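Examining the three-dimensional arrangement
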Amino acid sequence: MLRSRRDALSILVRRRPVIVVAALLLAAASVAIVSLGVGDYTVPIPDVVATVFGFGDARSHLVVWGWRMPRVLLALALGAALGAAGAIFQSLTRNPLGSPDIIGFDSGAYVGALLVMTTVGTGFVSVAAGALVGGLATALLVYLLAYQRGFQGFRLIIVGIALSAMLASVSTWVILNTDLNIALAASAWGSGSLNTVGWEQTTPAVGILVVLWGAAALLSRGMHALEVGDDAAVAFGVRTGRVRLRLVILGVAFTATATAAAGPIAFVSLAAPQLARRLTRSAGVTLSAAAAMGALLLVVSDLIAQRIFAPTQLPVGVITVALGGAYLIWLLISEARRR
């Protein structure tokens, strides 16, 4: 918030959110360092740090940068993207259940990407385009079905849950009616997995997300203005219809990029914004805190997926579903008690 005092411009920043975001980022970086060091070939933590900054030996450089860095970097980037997408839709719906995996936007992105995989190919650009089109088409359909003399967040959530179930049936039908090899690959990818990612997936995904984060920074003011109501937002000079449309496209783009890179990863976008809001004690969800929490949740979940049954590696989506299911139960109980 900006304040002018005697023609001097001062910036007021709440201390707690800044400290929380910094702590979450530090925790995520610490887990990332551990993930870079553990595995079939163990690299000591000091050697990992040295290798990250370009001072390690050739073997450590191969293990850290060639084998493990793409996975860890993508986990951090996708976790931040999913956390931001959850914050956007929970802010728009003003409901803690209003995340893209509950509303069904990630299911639409998954179906769009799956159709491209089974007809065109598995290239990242084409799959990402299919995921974006599928997510936007689902968002439009959910909005049209949920609109009734106005826009209500809870109605959108109910419609989204129903449409998500229908899209799950469509994806199952597509997998059952395609080539066996493609079906097996699509099924493994559909669990939400980082097991086979390399720089060929990480580099374009991170590049796209950097652009999206620039757009998010520009739209964050409008998002927070919409949280206090359309009338107040208009008084602040915000064009509510245009800002809401841009935020929906941005949230779907975050979700589609994550889906194209690693498949649908559930519950990160649901849990991250609310956990961050409780830690920062803020009135609403914020993009930076939700993104930092999302990055921490996904990199921790991926480390668990790698090591819990080592040397067998689980899809990270299995871990997020297990942890997110418990969180969803707790969230539903707490919301019922509050009301």
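Shown above is the structure to which this text applies.
These lines cover the structure that appears in this document, whether it is placed above or below. This is a predicted model, so every value here is computed, not measured. (Residues numbered from 1 in each chain as written. Predicted model: local features only at pLDDT ≥ 70, side-chain atom pairs only at ≥ 80, totals over all residues. Heavy atoms only, no water.)

1. Describing the overall build of the protein
Let me state the cut-off plainly: Numbered from the N terminus, helices here are DSSP runs of H or I no shorter than four residues, and strands are runs of E no shorter than two. Radius of gyration: C-alpha atoms only; globule rule: 2.2 Å multiplied by the number of residues to the exponent 0.38. The cut-offs for exposure are 20% and 50% of the maximum accessible area for each residue type, with area from a 1.4 Å probe on protein chains only; residues under the lower value are buried, those over the upper are exposed, and the others partly exposed. Between two residues, a contact is recorded if the distance between any of their heavy atoms is within 4.5 Å. Method for areas: the Shrake-Rupley scheme with a 1.4 Å probe, in which residue coverage is limited to the protein chains shown.
Along its length, the protein carries 14 helices and 2 strands. The C-alpha radius of gyration of the protein comes to 20 Å, within 12% of the 20 Å expected for a compact globule of 339 residues. By its C-alpha atoms, the protein is 60 × 60 × 40 Å across when sized along the principal axes. Relative to its full complement of 339 residues, the protein shows a buried share of 50%. Residue pairs in contact within the protein that sit at least 24 positions apart in sequence constitute 73% of those at least 6 positions apart. Per element, the accessible surface of the protein, about 16,800 Å² overall, is 67% carbon and sulfur.

2. Regarding helix α13 (residues 287–307)
Note the threshold: Multiply 1.5 Å by the residue count of a helix minus one, and that product is the helix's expected span.
Relative to the 30 Å expected for 21 residues at 1.5 Å per residue, α13 spans 30 Å between its end C-alpha atoms, a close match to the ideal helical length. Among the 21 residues of α13, 16 are classified as buried, and the element is accordingly described as predominantly covered.

3. Focus: the nonpolar core
Here is the rule we go by: We define the nonpolar core as a collection of buried residues of types Ala, Val, Leu, Ile, Met, Phe, Trp, Tyr and Cys that are connected through side-chain atoms lying within 4.5 Å of one another.
The biggest cluster of nonpolar side chains holds 85 residues, and the ones touching the most others in it are Leu78, Ile88, Leu194, Leu247 and Phe254. Ranked by residues supplied to this core, first place goes to helix α3 (residues 58–93) with 16 residues. For leucine 78, the contacting residues outside a window of four places in its chain are Leu194, Leu209, Ala258, Ala261, Ala262 and Leu298. If you look at the next biggest cluster of nonpolar residues, it comprises 10 residues, including Ile102, Ala266, Ala271 and Leu331.

4. Considerations on a nonpolar patch on the surface
Selection criterion: Patch building starts from residues that exceed 30% relative accessible area and form no salt bridge, then joins like charges within 9 Å and nonpolar side chains (Val, Leu, Ile, Met, Phe, Trp, Tyr) within 5 Å. Salt bridges are defined by distance alone: a side-chain nitrogen of Lys or Arg within 4 Å of a carboxyl oxygen of Asp or Glu.
On the surface, a cluster of nonpolar side chains totalling about 510 Å² of accessible area is made up of Val34, Ile45, Val49, Phe53 and Phe55. Inspection of the secondary structure assignment puts phenylalanine 53 in the loop between α2 (45–52) and α3. On the basis of relative accessible area, phenylalanine 53 is assigned to the exposed category, the value being 61%.

5. Here's the deal with helix α5 (residues 105–119)
Between the first and last C-alpha of α5 there are 21 Å, a value that for 15 residues agrees with the 21 Å anticipated at 1.5 Å per step. Along α5, 12 of the 15 residues are buried, which leaves the element largely enclosed by surrounding structure. Residues of α5 that are buried: Phe105, Asp106, Ser107, Gly108, Ala109, Tyr110, Val111, Gly112, Ala113, Leu114, Val116 and Met117. Count one or two residues on from α5 and you reach glycine 121, which has phi positive near 155°.

6. Focus on the packing of aromatic side chains
Test applied: Note on aromatic pairs: the rings of Phe, Tyr and Trp (six-membered ring only in Trp) are paired at centre separations within 6.5 Å, and the planes decide the class, stacked below 30 degrees, edge-to-face beyond 60, tilted for the rest.
Inspection of every chain in the model, using the stated rule, returns 4 aromatic pairs. Consider the rings of tyrosine 327 and tryptophan 330, whose centres lie 5.8 Å apart with planes at 40°: the pair is tilted. Here tyrosine 327 and its partner tryptophan 330 are both found in helix α14 (residues 316–338), 3 residues apart, which amounts to about one turn of the helix. With a relative accessible area of 9%, tyrosine 327 lands in the buried category.

7. Quick look at the packing of α3 against helix α12 (residues 268–280)
Keep this limit in mind: Lines fitted to the C-alpha atoms define the axes, with helices restricted to the stretch that makes contact. Angles between their N-to-C directions range from 0 to 180 degrees. For classification, angles of less than 35 degrees are called roughly parallel, those exceeding 145 degrees roughly antiparallel, those between 65 and 115 degrees roughly perpendicular, and all remaining angles oblique. Throughout, the ten residues Ala, Val, Leu, Ile, Met, Phe, Trp, Tyr, Cys and Pro are labelled nonpolar, Asp, Glu, Lys and Arg are labelled charged, and all others, Gly among them, are labelled polar.
Contact geometry for α3 and α12: axes closest at 7 Å, N-to-C directions at 75°. By the angle between their axes, α3 is roughly perpendicular relative to α12. Taking contact as the criterion, the partners of Gly79, Leu82, Gly83, Gly86, Ala87 and Gln90 in α3 are, on α12, Val268, Ser269, Leu270, Ala272, Pro273 and Gln274. Looking at the contact of α3 with α12 residue by residue, the class counts come to 6 nonpolar, 6 polar and no charged.

8. Focus: the side chain of aspartate 106
Rules: Neither His nor the chain termini are counted; the positive set is Lys and Arg, and the negative set is Asp and Glu.
Within the secondary structure layout, aspartate 106 lies in helix α5. Of the side chains bearing the opposite charge, arginine 71 lies closest to the buried aspartate 106, which forms no salt bridge; the N-O distance is 19 Å. Not counting residues up to four positions away in its chain, the partners in contact with aspartate 106 are Pro100, Asp101, Thr255, Thr259 and Pro264.

9. Focus: unusual backbone geometry
Looking along the chain, the bond that leaves alanine 310 and enters proline 311 is cis, with omega of 10°. The residue proline 311 is located in the loop between α13 and α14 in this model. Positive phi, close to 55°, is recorded for arginine 94, a residue that is not glycine. Examined against the element boundaries, arginine 94 turns out to sit in the loop between α3 and α4 (100–103).

Honestly, it's all geometry; don't read function into it.
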